[in-house]
Amino acid sequence: QVQLVESGGGLVQAGGSLRLSCAASGRTFSSNAMAWFRQAPGKEREFVAAISWNGASTYYADSVKGRFTISRDNAKNTVYLQMNSLKPEDTAVYYCAADLRYSDYNPMSADFGSWGQGTQVTGSS
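Everything numeric in this text was worked out from a predicted model, so none of it was measured. (Residues numbered from 1 in each chain as written. Predicted model: local features only at pLDDT ≥ 70, side-chain atom pairs only at ≥ 80, totals over all residues. Heavy atoms only, no water.)

### Structural notes on the overall build of the chain
No. 1: Within the chain one finds 0 helices and 11 strands.
No. 2: Its helices and strands taken in sequence order, the chain reads β-β-β-β-β-β-β-β-β-β-β from the N to the C terminus.
No. 3: The globule rule puts the C-alpha radius of gyration for 125 residues at 14 Å, and the 13 Å found for the chain is close to it.
No. 4: Overall size of the chain, expressed as C-alpha extent along the three principal axes, is 40 × 25 × 25 Å.
No. 5: Approximately 6200 Å² of the chain is accessible, and the part contributed by carbon and sulfur atoms is 47%. (Helix = DSSP H or I, 4+ residues; strand = E, 2+ residues; numbered from the N terminus. Rg over C-alpha atoms; globule rule 2.2 N^0.38 Å. Areas by Shrake-Rupley, 256 points an atom, 1.4 Å probe, with all protein chains shown as cover.)

See the structure below:
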């Protein structure tokens, strides 16, 4: 079982930047697709970004495209989310997830069976 631990959240003014990290332990996740999701108060959890096992393919929600960048370092068992031009509506708990079945992201068949505990990101206006 992969254990995921997120870090890097915090309070940032609108227009600012943060970089989230997700460190995996328990077993290597170098063959797994990875993703970031977020959940704002009173809302359902939503997809933010995903990355294939080797980083060659990345996917983004329309709401963050052009502002957020997902990347990974398999040697460090870590996936990142660089968030630029943050907006108040980006405020949420951000979760890292590992697809335990597939090496690339497919929204129709993804199997994100391992999740971190989340890290709070607050964008102030």
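### Some remarks on unusual backbone geometry
One can expect most non-glycine residues to show negative phi and most peptide bonds to be in trans.
No. 1: Here the phi dihedral of N77 falls at roughly 55°; this positive angle occurs in a residue that is not glycine.
No. 2: Within the secondary structure, N77 is located in the loop between strand 7 (68-73) and strand 8 (78-83).
No. 3: For S85, which is not glycine, the phi dihedral falls at a positive 50°.
No. 4: For S85, the location among the structural elements is in the loop between strand 8 and strand 9 (92-99).
No. 5: Under the relative-accessibility criterion, S85 is labelled partly exposed at 39%. (Buried < 20%, exposed > 50% of the residue type's maximum accessible area, 1.4 Å probe, protein only.)

### Examining the environment of Q82
No. 1: Summarising the element assignment, Q82 is placed in strand 8.
No. 2: Beyond its immediate chain neighbours, meaning those up to four positions away, Q82 contacts S17, L18, R19, R67, F68 and T69.
No. 3: Reaching out from Q82, the side chain makes a polar contact with the side chain of N84 at a distance of 2.9 Å. (Contact = heavy atoms within 4.5 Å. Polar contact = N/O pair within 3.5 Å; in protein donor to acceptor, adjacent residues only side chain to side chain.)

This is a description of form; function is not addressed.
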